[in-house]
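Structural overview
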2 protein chains.
Amino acid sequence: METVKIGILGLGTVGGGTYQILEMNKETIEKRIQKQIEVVKVLEKNMERVKALGLPESCATTNPDEILCCPEIDIVVEALGGIEPSSTFMLTALNNGKSVVTPNKAAVAANYAELREAAVKNDVEFRFEASVGGGIPALTAIQEALCGNEFTEVMGILNGTTNYILTKMTDLGLNYDDVLKDAQAKGFAEADPTADVEGIDVANKLSILMALAFDKYVPPTEIPTVGISKITMDDIEAAKEKHCKIKLIAHAKKDGDEVSYSVKPMEIDETHPLAGVSNEFNAIYITGNAVDEVMFYGKGAGALPTGSAVVGDILAIAKAL
Amino acid sequence: METVKIGILGLGTVGGGTYQILEMNKETIEKRIQKQIEVVKVLEKNMERVKALGLPESCATTNPDEILCCPEIDIVVEALGGIEPSSTFMLTALNNGKSVVTPNKAAVAANYAELREAAVKNDVEFRFEASVGGGIPALTAIQEALCGNEFTEVMGILNGTTNYILTKMTDLGLNYDDVLKDAQAKGFAEADPTADVEGIDVANKLSILMALAFDKYVPPTEIPTVGISKITMDDIEAAKEKHCKIKLIAHAKKDGDEVSYSVKPMEIDETHPLAGVSNEFNAIYITGNAVDEVMFYGKGAGALPTGSAVVGDILAIAKAL
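The model shown is predicted, which means the values in this text are computed figures rather than measured ones.

Turning our eyes to something else, we now look at the overall build of chain A. Counting its secondary structure elements, chain A contains 14 helices and 11 strands. Taken along its principal axes, the extent of the C-alpha atoms in chain A is 60 × 45 × 35 Å. Per-residue burial for chain A yields a buried fraction of 57% across its 321 residues. Of all intrachain contacts in chain A linking residues separated by at least 6 positions in sequence, the fraction that spans at least 24 positions is 69%. Total accessible area on chain A stands at roughly 12600 Å², and carbon and sulfur atoms take up 48% of it. One way to put it: in chain A the 29 positive side-chain charges average out to a point 3 Å from where the 47 negative ones average out.

Set out below in structure tokens:
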């Protein structure tokens, strides 16, 4: 059986989850794709992470070039997060003839065109299913199973932290500050929650969704973005009286050649499928001129759900190699 | 630009919808896949259908061999419905080296192994995304983006007619017979609604879902199946008191090597995402050991939604040709 060799940059939540899934489901994966997947090198300085996953210490390196320039590696998984040095690492890997898989929405949204062009130029694949909606396989569906459609509208609940906070405010009548503190204590929100609660994370994801659905790239910094930090119990109650729930919505709509877009809290009617997306769950609701309305729902974060999307991308590339 | 040639068996709802989408989105499709898709022949005796779609009369034939044995046709779309002669036609096409796409759940469920084996033997593709959940791209996701998962449970609302009837009984307090008559008058239910209301259609779809998710083929006739024709207003009210909605659920669960399965009305908690799937909408809710819970939601029937799935399959094959 042929072996496809992988290098992983970063064994944090998603990098670690990806390795765990490849080990946990090894037999099933080999049976399905008729190839072996082997992680041969990981960029990770924290040896506790390496040992905790059961990887031999010899697999770990602190020198990225041992992965990016290694002739035997077919696919590089970039799971470091942040725009740099991740983007430069991905470009180097692509230019060295390696396919790249990443969950890194900030890097994909910031350098979308450059990364895709490098993949085309080098005749390799660049996949980023995990960058929007974690484990939810919406990006692949938009590009493949739904690719006979012209898309007219995208709506998404794309951030688990803010959806958790809004759900608790709505269901339990608690105010924003108290729920945020509780979420931070439980590890659902970061110590500095700015990127989540101010909608910056969601803007990155909407930038990627628009690029795929409308073939229109808008830098995330140019998307009008309002977060949830100013939502009060009065807002929640006012929405309830209209039989609505407040959700942080990434929205883009195409009218002819014009695309309008925003990230902001919106009142969603209780009967709309997005109103039922609660707590840490995410959903992508998209309208095509053939399929009409479709919604994809699932976990937008977490080691194994997000790792599931990374592994899906790895296997798609491995099958075609 | 290379041209991929298609033959369509049957210009009914789905066959006609497929042709419509290929025409309506011609430019977008060509830009996306860098190939032209041309429908060169259709099996259809009703010339009104041919003319209504704007197809030249010379495209139409009443002799299936003009499609199944035509050397220039790359992909055959079987949209006749029913187990025979559809299954025989598909086997003939596969054995003649053509890839096959079908929305025909009855034929796929009845002859699953034979059809897939014929495709493998002839090194062609056999795709049937439209056979479960119409336009919802769940089958492709299970086989591709989610293929790093071992699946443990599948639940589906897979029939629009019965979901419409149950929704109206629940929301408007109307009894089964009255809603069925209304649905028939509106064209949402067939004159003979047996296959829908007794769960036979759903059992076909569950057979296909289990084959893909669990690699276990169970003939639809061996799936314990109960429809909705005996559901009373008392049942609906009893469910409401438990904060539940009654839905016709296709359910399969894997425990070790054992798979249990059934089609029957079930009480679904109001907070479960499947409870929010109303009227003619369908949904597939699947649990994997990495991704956890994922739901796919959309229109399970109709010319364009179902045609969207057929076109998605056509384009996947065309890209790889």
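Residues and elements named next belong to chain B. Running from N to C, helix 9 (residues 160–172) and helix 10 (residues 176–186) cross one another at 130°; their axes reach a closest spacing of 9 Å. With respect to helix 10, the axis of helix 9 lies oblique. Every pair of crossing elements has a handedness; the one defined by helix 9 and helix 10 is right-handed. Counted together, Tyr164, Ile165, Lys168 and Met169 of helix 9 and Tyr176, Val179, Leu180, Asp182, Ala183 and Lys186 of helix 10 form the full contact between these two elements. Class assignment for the residues of the contact of helix 9 with helix 10 results in seven nonpolar, no polar and three charged.

Attention now goes to the interface of chain A and chain B. The partner chain B presents 43 residues to the 43 residues of chain A that form the contact. Overall, the association of chain A and chain B removes approximately 3500 Å² of surface from exposure, summing both partners, and the carbon and sulfur fraction of that is 52%. On the chain A side of the contact with chain B, Arg32, Cys147 and Tyr297 of chain A bury the most area, a combined 16% of that side's loss. A salt bridge links lysine 31 of chain B to aspartate 215 of chain A; the nearest nitrogen and oxygen atoms lie 3.2 Å apart. Counting only elements with at least two residues in the side of chain A that touches chain B, the list comes to helix 1 (13–24), helix 2 (26–33), helix 8 (138–143), strand 10 (281–288), strand 11 (292–299) and helix 14 (303–320) of chain A. Per element, the largest residue contribution to the side of chain A that touches chain B is eight residues, and it comes from strand 11 of chain A.

In this section: the confidence of the model for chain A. Any residue range with low pLDDT should be treated as having predicted coordinates unsuitable for detailed reading. In this model, chain A carries a mean pLDDT of 97, and residues with pLDDT of at least 70 account for 100%. In the predicted complex, the global pTM is 0.97; the interface-specific ipTM is 0.96.

With respect to the element layout, serine 308 of chain A can be found in helix 14. Apart from the residues lying within four places of it in its own chain, the contact partners of serine 308 of chain A are Ile21 of chain A together with Ala145, Leu146, Asn149, Ala290 and Val291 of chain B.

Structurally, the position occupied by lysine 105 of chain B is in helix 6 (residues 105–110). The sequence separation of lysine 105 of chain B and alanine 283 of chain B amounts to 178 residues, and the corresponding C-alpha distance is 16 Å.

Let us now look at helix 1 (residues 13–24) of chain B. All names here are of chain B. When the terminal C-alpha atoms of helix 1 are compared, their 16 Å separation across 12 residues agrees well with the 16 Å that a helix rising 1.5 Å per residue should span. Considered for burial, the residues of helix 1 that qualify are Val14, Gly15, Gly16, Gly17, Thr18, Tyr19, Ile21 and Leu22. Packed against the buried residues of helix 1 are strand 1 (3–9), helix 2 (26–33), strand 2 (36–43) and helix 14 (303–320).

This paragraph deals with the pairing of strand 10 of chain A. Residue and element names in this part refer to chain A. For strand 10, the tally of buried residues reaches eight of eight residues, placing the bulk of the element in the interior. In strand 10, alternate side chains face the same way, and those of Phe281, Ala283, Tyr285 and Thr287 on one face and Asn282, Ile284, Ile286 and Gly288 on the other are all buried. The pairing of strand 7 (residues 151–157) with strand 10 spans six bridges and is classified as antiparallel. From the neighbouring strand, valine 154 faces strand 10, where its bridge partner is isoleucine 286. Pairing analysis gives eight bridges linking strand 10 to strand 11, with the strands arranged antiparallel. Looking across to strand 11, one finds that isoleucine 286 is bridged to valine 294. Here strand 10 folds back onto strand 11, and the loop between the two strands holds three residues.

Rules used throughout
- Residues numbered from 1 in each chain as written.
- Chains lettered and ligands numbered in written order.
- Predicted model: local features only at pLDDT ≥ 70, side-chain atom pairs only at ≥ 80, totals over all residues.
- Heavy atoms only, no water.
- Helix = DSSP H or I, 4+ residues; strand = E, 2+ residues; numbered from the N terminus.
- Buried < 20%, exposed > 50% of the residue type's maximum accessible area, 1.4 Å probe, protein only.
- Contact = heavy atoms within 4.5 Å.
- Areas by Shrake-Rupley, 256 points an atom, 1.4 Å probe, with all protein chains shown as cover.
- Lys, Arg positive; Asp, Glu negative; His and termini not counted.
- Charge placed at Lys NZ, Arg CZ, Asp CG, Glu CD.
- Axes fitted to C-alpha atoms, helices over the stretch in contact; angles between N-to-C directions.
- Parallel < 35°, antiparallel > 145°, perpendicular 65-115°, else oblique.
- Left-handed = near helix turned anticlockwise from the far one by under 90°.
- Nonpolar A, V, L, I, M, F, W, Y, C, P; charged D, E, K, R; others polar.
- Buried area = accessible area lost by both parts, 1.4 Å probe.
- Salt bridge = Lys/Arg side-chain N within 4 Å of Asp/Glu carboxyl O.
- pLDDT = per-residue confidence, 0-100.
- Expected span 1.5 Å × (residues − 1).
- Pairing = 2+ DSSP bridges.

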